[in-house]
Structures are given as C-alpha cells and as structure tokens.
Amino acid sequence: MKTDKIIEIEFVRRMSFRVIRTLFFWINNRVSMIRYIWLMTVLAVLNLPVRGESVALSSLDLTQISQGWGQAKKNLSCTGGKLLIAGEEFEDGVGTHAYSVIRIDLDGRADRFRARCGVDDGSKNPQGKGGTVAFRVIGDGRTLWKGSVMSVGDRAQHVDVDLKEIRQLLLIASDGGDGLNSDHANWVEARLEMASGLPRMVPPPQEQAIRLTPKPGPEPRINGPKIYGARPGNPFLYRVPCTGSHPMTFVANGLPVSLRLDPDSGIITGTTPAGGEYDVILTAKNNAGQTQRAFKIVAGDTLALTPPMGYNHWYAHFNRIKDAMMRQAADIMISSGMADVGYQFVNVDDCWMNAAGVSRYMTDETRVGPTRDENGNIVPNRHFPDMKGLADYIHAKGLKAGLYTSPGVSTCTGCAGSYGHEVQDAQQFARWGFDFLKYDWCSYSRVAGRDPDLDAMMTPYRLMGEELKKQKRDIVLNLCQYGMGEVWKWGRMVEGHSWRTSGDLGFELNRILDIALKNAALGPWNGPGGWNDPDYLQIGWIGAQQGQTFQPPHPCPLTPAEQYSFMSLWCLLPAPLFYSGDMTRLDDFTIGILCNPEMIEVNQDALGKAARVVRLEEEDTFLMIKELEDGSQAVGLCNRGECEFQVTATWSQLSITGRQSVRDLWRQQDLGVFTKAFSTIVPRHGVAVMKITPLQ
Ligand code: GAL
C-alpha cells in the first residue's frame, strides 16, 4: 500500500513537471517570438540593416568626429548653412571643418564606400577667397583614395572605394597647404554599403601616458649647452645644470679670473672677460660619483649660441599673472629638476604693466591705472610691486629673468607698450635686471599702417635691438611679430636672437607636426645666435584663449604621443624651449617629456644645425635629420598619420654607410648595431628619436 502511494505521488510529480516544462517552453517561445517581432519592427522603423544594407554616413554618431573648429553637422555645413558645393545643393551629408577625421569601425563587413566631397560654398569670405581642402580615404592605415586639393567653387569629387576586409575606415579632410582658415569640408551623399552588420563611428584610440624618460640616477650628470655666449664687461650668470643627488660640489678649471664658481650651488657669477674663447672643464661630484664636462665660454657679440630655454607664463595664466606666481615658477624650475637639465629663463609675458583703461581683453580693473609716471617711466600694475625684487629673486637661484612689451602704444591686451619710450624702457628693463625681452607687434599697425613695407616692419625692432645692446647687461631679444615680412631673413640684422615664425600656436595645437615641417623649411636661417621660434611648449596643464576670455589651465588636449612629438620636434628643429604650462601642476609624465637630458642635448648641440626633412613614400611619414657636433645624427622618425605605422630610415637617406649604432633617446637605450637601415613602429601622430652614430 505504502509502495502504491509512493508510485502514485511520483507519477503525479513527473506529470506536473512535464506540464510545467511544456508550458515554460511554450511561453518562452512566445516571448522569443514576441521579442523577435519587436526587434524586427524597431529595425524597420529605424531603417537599420540586418544584412546587405546601405548606410548613410550622416546617420552615424557624428559626435565622435574630431575636427579643427566647431562641430560636425548632419545635413548642414559646419557653420549651419545648407550643404552647397559649387552651387549644387545636397540634402544628405556631413559638414566638417578641416582638419577633420571621421573614424568608422567596419569589422571587415563592408563592401564599398561611395560619396562625393568638396569645399562648402559658405567658406567664401567677403574678399571672394575661400578654404582649400584635401580629402582622403584610409583603410586600415593604407590610402584607398586621395582627391586633388579642392578650392571653393570646385565641383564635388566622386569617391568610390572597395572596402572588402577593411576593419577601420578613416575619412580625412586636411587643409590644402594654406592653413585651416575657412576650410569647410563636406562629405555628401556618402553611403557605406554593408555586406552585413552595422558601421560604427568611433573616437580616436585612447593612449596611456607612459613616462619613457628614465628617472635621473644619483650620480652627477652635467647637462645643458657646451657652449655659451656672453658680452665682455657685462654681468655673467650661469647655473651649471646637473642632475644627481645632493649635496653636490662643483669645480671649474680654466675659468677666467673675472668669474667665480660657487662650489655648492654650481652658480658662476662675475664679469664676462675680454673677447675670446675660454675652455672650461666643469666637474660635479657627490657621494655617488664624479663627472666632468667641457664648457666653452665665448666672450663676444653673440648671445644665444644655443636655443634659449625656460618658462613663459602666457599660455597658463594669461592676464591673471602676479609677481608671486613668477617667483613660484622660479622655485619650481629648481625643485622639479628643470633647471638641472638646462631651463634657465623665467619670463613674464603680457599684463605686468598697467592698462590705460578697461578693454575687451583687460576687464580686470586692478590692472588699470596710470601707464607712465611724471618722468615717463613705465608703471607696473599692482600685481608687480617690485620688478627689481622679482629679477633679484630669480637671479639668486642662478636663473635669468625675462620680460615682455610691444612696440605699439599698447600690448595685445591693452597694457602699456613702449611706443615713444623705447630708449627709456630699454634702460629701465636693464636697471631692473632683466635678461630677456619678448617684443610683440600688437597695436603697432596703428603706427606702421595696415600694409607696412619691409623697412617699416624692421624699424621698431632695430630701434629696440640697438637700445638693448647698449645696456650693460646681456639681454636676449625675441621678436614676436608672427613671421611678417619673412622675419627669419632679417631678425639677426635688427639684433634679434629669435623670432616667432607664425601666429599663436595656441590655436593650432593638433597640427604640431605641420608647424614643425613649416619651420624646418626655414632651417637655413636657424643657427647659433638666431633661432626660428614656432612658439612655446604647451603640454601638461595649459590654459586656452576662447574669444576674448582666457580659460584657466586644464590638461592639454594632446595625446601622450603628440606631447612626445611636440618636444621631439622642437629639439630637432631646433627651437627655443620655453615651457608655457602650469608649473604648479607638473606631473611625472610631463616632467619626463620636458626633462630628458639626451633629447635636450640634441636641441642644445653646439653646431646649432637645423634638421633637414626627408619625405618618405607613405605620405604621412617623414624623417627629420639633425647633424650633431660629435659626428652622429639625431633622426626623428615621424608619423603624421592617423594610424600607427612602421617608419624606416635607410642609410642612403641619412647619407651614411656601414655599421652604425642606434640609440633610442627617449628611452635612453642602445638598440644595437645596424648596417643598412633602421625601422620602428611609430604611433599615430608620433615621433621616435634615434641617435645614429658611426662605428669606427
Ligand atoms: C601675442 C603673442 C602671445 C602673447 C600675447 C600677449 O601677440 O603672440 O605670445 O605674448 O600677445 O598679449
């Protein structure tokens, strides 16, 4: 009986399990079916493909597009007008502004890309001129299609490329070689024919910020220039840049008698001796070891025998700068180790003086007041109460002090300029003890007129240059007139030691490789005593100018590779090395970039040779080759492209033969001996720098 009961219960249990299971499958199938029907409806409504569909570029997520100005727009030009190319109107397309990159993941599931492209008619300015744009289609790093450079008014070009197997597609619109202005670049009627799946617009790849520069060891290493120019009879000041643990003691053999070296700080002071060359042997010693280095003092007329190095406040603090911030910058130049690799100048830019009134750029009333005293002397504003005290503070650290003004009545922010007071100002700057002057152009057009001839352009610089030279101080002069009148050809003639070759780099940060190429083309005018200046190093935390407002510092928009490229190129050109970020926010990564002594040695090389450029077959790659004093060459393997790329330098491109040792300067690592060529993978927008030395 008991057994029957158990069997009966078991039967009921099994039956109910079966019923429940059947019910579950039935419901589940219904749910799946419902889900399926629902999914199909959504796809149909959204018009998304399941298989073999044609997808409009304009239907993708346009917020992922990176571009030089503004934001990409769906079915409109980048300024919000209709999409118009040579009078032809397009309803469907994407309006961008060069330099723009559209990055699309296809996962190898696309068949073709078909589109038309051209410069938007709205890019024409009132003078009838418009932008020029070069369009390119790249698949997995290879150029699939390249159009001719297009101007406004050119009919839209047709693009039709095979995309089979391509995993990532890039649509690039770059400036046509004449800068970014008005480069409104449209991709219209652009469709991706998919074999299956969906295309996906994606942002540029994320990179990790890795410090390549090894930390300095405890043993002493003397850095900076091996040659130094100073004018006879003037005060001499030089702090021997040296890394290693402290305490450290310094000795200088062969130092002229008019100079003395403080053995604890390594600061050389005194009076520059009579004209001639003085070969000094510097020794630095600590409990980890000892090192020696030759250092040549050239007493003569020429300053800046190697590119000046230092800090300038502009791109970090703009019109917010104060005396205390400059003193802090000097403190940090020492504590961060920057001074130990050769940074020397601590330079105030605009806004240290009073402005005559409130203006667009000068809304801070605390900087408004009398611009000159009753004797015509320039009046610093209340944030700079003691200019001599500031210069003395910087000098006490063995560093040098720099200042800024303009030949016009006012500077670009409306502060007092030197017009009509040039002699008096030059004397004042020297009395205060400044060692560097950046001389702008701002408001000088009111004096020279809109279209000055060469002589009118040179006049203010000649005047200030000659006055500075008369002072009993060595004052390095930087001309900041944005490259007008091909300043590189005459900057030296007006006693300039460096000259800005273009406008503020602040607006062109993502084009540093282009800017470097433009500056490299001016190489013949670059060299000891006179340097092309492509503007300051802006990495780490920097501010930004937006219209008339100056933003506080924030992490710079450059990728880690771009930040390395910045420094690499400025070292190779070689350019003056002025850091213009927030000194209080220097992190380990940024210090690694700014303070690699082997890279800085390339910049400070005594030959002062400009790098020559060799274009490589793949159009986004090139070499920058700088001859060094010791018979070796520093070679930048550069990749301007949007994907990583293997870049090769052959010995014939470098004009060398035979066995050569190759050293990676960023990592400070010997990579071995090579006999014909050297290749390395260079990241997107990256530069690898190798020192290539012949083996005996
Ligand atoms: C600009 C100059 C900048 C900065 C600014 C100050 O003309 O290019 O570097 O000095 O003036 O107002």
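Our subject in this report is the structure included herewith. Since this is a predicted model, take the numbers as computed values, not measurements. (Residues numbered from 1 in each chain as written. Predicted model: local features only at pLDDT ≥ 70, side-chain atom pairs only at ≥ 80, totals over all residues. Heavy atoms only, no water.)

## As for the packing of aromatic side chains
Convention followed: Each pair of aromatic rings taken from Phe, Tyr and Trp, with Trp reduced to its six-membered ring, is defined by centres within 6.5 Å and is described as stacked if the planes are under 30 degrees apart, edge-to-face if over 60, and tilted in the remaining cases. The helix and strand labels rest on DSSP assignments: H or I over at least four residues marks a helix, E over at least two residues marks a strand, and numbering proceeds from the N terminus. The classification of residues rests on relative accessible area computed with a 1.4 Å probe and restricted to protein chains. Under 20% of the type maximum is buried, over 50% is exposed, and intermediate values are partly exposed. Placement of a positive charge over a ring is assigned whenever Lys NZ or Arg CZ falls within 6 Å of the ring centre and within 35 degrees of the normal to the ring plane.
Applying the stated criterion across every chain yields a total of 28 aromatic pairs. Here the aromatic rings of F345 and F578 are separated by 6.3 Å at their centres, their planes lie at 35°, and the arrangement is tilted. Here the residue F345 occupies a position in strand β26 (residues 345–347), and F578 occupies one in strand β34 (residues 577–579), the gap between them amounting to 233 residues. You can call F345 buried: its relative accessible area is 5%. Looking at F578, the relative accessible area reads 5%, which means it is buried. Cluster of aromatic residues (ring-pair linked, three or more members): W314, Y315, F318, F345, Y361, F436, Y536, F550 and F578. Directly above the aromatic system of W541 lies the positively charged group of R585, at a separation of 4.1 Å from the ring centroid.

## Some points on a nonpolar patch on the surface
Quick reminder of the rule: Patches draw on residues past 30% relative accessible area with no salt bridge. Two like charges within 9 Å are joined, as are two nonpolar side chains (Val, Leu, Ile, Met, Phe, Trp, Tyr) within 5 Å. Residue-level accessible areas treat just the shown protein chains as cover; the underlying method is Shrake-Rupley with a 1.4 Å probe. Salt bridges are defined as contacts in which a side-chain nitrogen from Lys or Arg sits within 4 Å of a carboxyl oxygen from Asp or Glu.
Residues V409, Y419 and V447 make up a contiguous nonpolar surface patch of roughly 240 Å² in combined accessible area. Note on placement: Y419 falls in the loop between β27 (400–405) and α6 (422–432).

## Points about the site of the ligand
This is how the line gets drawn: Any residue with a non-hydrogen atom lying within 4 Å of a molecule or strand is treated as near it. N or O atoms within 3.5 Å of each other form a polar contact, as long as, within protein, one can give a hydrogen and the other can take it, and as long as residues adjacent in sequence are counted only when both atoms are side-chain atoms. Under this grouping Gly is polar, as are all residues other than the nonpolar Ala, Val, Leu, Ile, Met, Phe, Trp, Tyr, Cys and Pro and the charged Asp, Glu, Lys and Arg.
Inspection of the region around the ligand gives 13 residues, with D349, D350, K438, D440 and D504 positioned closest. One nitrogen or oxygen atom from the side chain of K438 is found 2.7 Å from an oxygen atom belonging to the ligand. Between Y482 and the ligand, the recorded distance is 2.9 Å, taken from a side-chain N or O atom to an oxygen atom. Here the ligand has 310 Å² of accessible area as a free molecule, and 96% of this is covered by the chains. Here the residues of the shell around the ligand sort into 6 nonpolar, 1 polar and 6 charged.

## Observations regarding the state of the cysteines
Put simply, the test is: We call a pair of cysteine sulfur atoms a disulfide whenever their separation is within 2.5 Å.
What the rule picks out here adds up to 1 disulfide. Here C412 engages in a disulfide with C442; their sulfurs sit 1.7 Å apart. Looking down the S-S bond of the C412 and C442 bridge, the torsion is -80°, so its handedness is left-handed. Linking C412 in the loop between β27 and α6 with C442 in the loop between β28 (436–439) and α7 (445–448), this pair joins segments that are 30 residues apart in sequence. Classification of C412 by relative accessible area gives partly exposed; the value is 39%. Accessibility expressed as a relative area gives 4% for C442, which makes it buried. No disulfide involves C242; its nearest neighbouring cysteine sulfur is the one of C595, lying 14 Å away. C351 provides the cysteine sulfur closest to C415, a residue in no disulfide bond, and the two sulfurs are 4.3 Å apart.

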